[in-house]
Amino acid sequence: MGRTVVVLGGGISGLAASYHLSRAPCPPKVVLVEASERLGGWIRSVRGPGGAIFELGPRGIRPAGALGARTLLLVMLGGSWLQTLEARGAVLSQELLQQQAQEAAATQLGLKEPPSHCLVHLHKNCIPQYTLGHWQKLEAATQFLASQRLPLTLAGASYEGVAVNDCIESGRQAAARVLGSEPNS
Ligand SMILES: Cc1cc2nc3c(=O)[nH]c(=O)nc-3n(C[C@H](O)[C@H](O)[C@H](O)COP(=O)(O)OP(=O)(O)OC[C@H]3O[C@@H](n4cnc5c(N)ncnc54)[C@H](O)[C@@H]3O)c2cc1C
């Protein structure tokens, strides 16, 4: 009977892993399990008020050319700025976040005109923040999986880089490990 590989999560990492698994010379049966009703994870476009298309996640994959030229400006705010607002007990309303984004665009890019279309989203804990000792923990977990011969391989933004290209590479390497081929080839 052929081998079956279950890929947990249909974000870009799981999709990359599934792609590489299914392109192997003797591909296993690949079962992709996704918890939500759509694939793509954080990579998501939505049509906002007035028909404008907004990217809720990475914007770096917008196409070049005419479509890219009409791309809307994405302002990402977070980190200590958000923590300070929360510590002051500020209500994180859509209006406050839009106002802060407009101020950032005005002071940092000189864009003073109010936007024609605007969509505000608060994504809490959306990008993993690796803490001190992350690599040691990851190495220990990887060694544990290997020493116990557990049929589990880790891939995705939580482990070896959050950028889309890191995630694609991490999915590729995970597929190579599962297939028993050299991950760096
Ligand atoms: C606002 C924002 C802007 C960003 N901008 C950039 C950028 O400009 N450039 C860049 O390179 N990167 C950017 N990133 C980072 C990049 O988009 C993410 O790190 C990457 O998309 C994560 O992909 P992933 O597949 O590892 O995880 P996810 O996209 O989180 O996918 C995980 C998937 O697994 C599913 N899942 C979770 N638990 C289960 C379960 N138990 N069973 C089944 N399915 C499950 C989830 O529903 C999800 O679909 C941005 C991220 C965000 C949030």
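Given the structure is predicted, the values throughout are model-derived calculations rather than measurements.

Help me out: how do you make sense of a nonpolar patch on the surface in this one?
A contiguous nonpolar patch, built from Leu-73, Val-75, Leu-77, Leu-109 and Leu-111 and spanning about 430 Å² of accessible area, is present on the exposed surface. Along the chain, Leu-111 turns up in the loop between helix H4 (94-109) and helix H5 (134-147). A residue is classified by how much of its surface remains accessible, and Leu-111, at 44% relative accessible area, is partly exposed.

Explanation requested: the nonpolar core in the structure shown.
Counting residues in hydrophobic clusters, the biggest one holds 5 residues: Val-5, Val-7, Leu-21, Ala-175 and Val-178. Only strand E1 (4-8) and helix H6 (164-179) provide two or more residues apiece to this core. Ignoring anything within four residues of it in the chain, the contact list for Ala-175 reads Ala-17, His-20 and Leu-21.

Can you walk me through the environment of Ala-16 in this structure?
Note that Ala-16 resides in helix H1 (residues 12-22). Ala-16 gets classed as buried once you look at its relative accessible area, which sits at 9%. Taking the C-alpha atoms as reference points, Ala-16 and Gln-99, 83 residues apart in sequence, are found 37 Å from one another. For Ala-16, the contacting residues outside a window of four places in its chain are Ile-168 and Gly-171.

What counts as what
Along every chain, residues carry numbers that run from 1 in the direction the sequence is written. In keeping with the model being predicted, local features are shown solely for residues with a pLDDT of at least 70 and side-chain atom pairs are shown and tallied solely at 80 or more, while totals for entire chains, interfaces and linings include all residues. Working from all heavy atoms in the structure, the side-chain values ignore hydrogens and water. The patches described consist of residues with a relative accessible area above 30% and no salt bridge, like charges being joined within 9 Å and nonpolar side chains (Val, Leu, Ile, Met, Phe, Trp, Tyr) within 5 Å. In this description, accessible areas are obtained by the Shrake-Rupley approach with a 1.4 Å probe, and a residue is regarded as covered only by the protein chains that are shown. When a carboxyl oxygen of Asp or Glu is within 4 Å of a side-chain nitrogen of Lys or Arg, the pair counts as a salt bridge. Only DSSP runs of H or I covering at least 4 residues are called helices, and only runs of E covering at least 2 are called strands; the numbering of each starts at the N terminus. Relative accessible area decides the class of each residue, using a 1.4 Å probe on protein chains only: under 20% of the type maximum gives buried, over 50% gives exposed, and in between gives partly exposed. For our purposes a nonpolar core is just a set of buried Ala, Val, Leu, Ile, Met, Phe, Trp, Tyr and Cys residues, chained together by side-chain atoms within 4.5 Å. It only takes one pair of heavy atoms within 4.5 Å for two residues to be counted as in contact.

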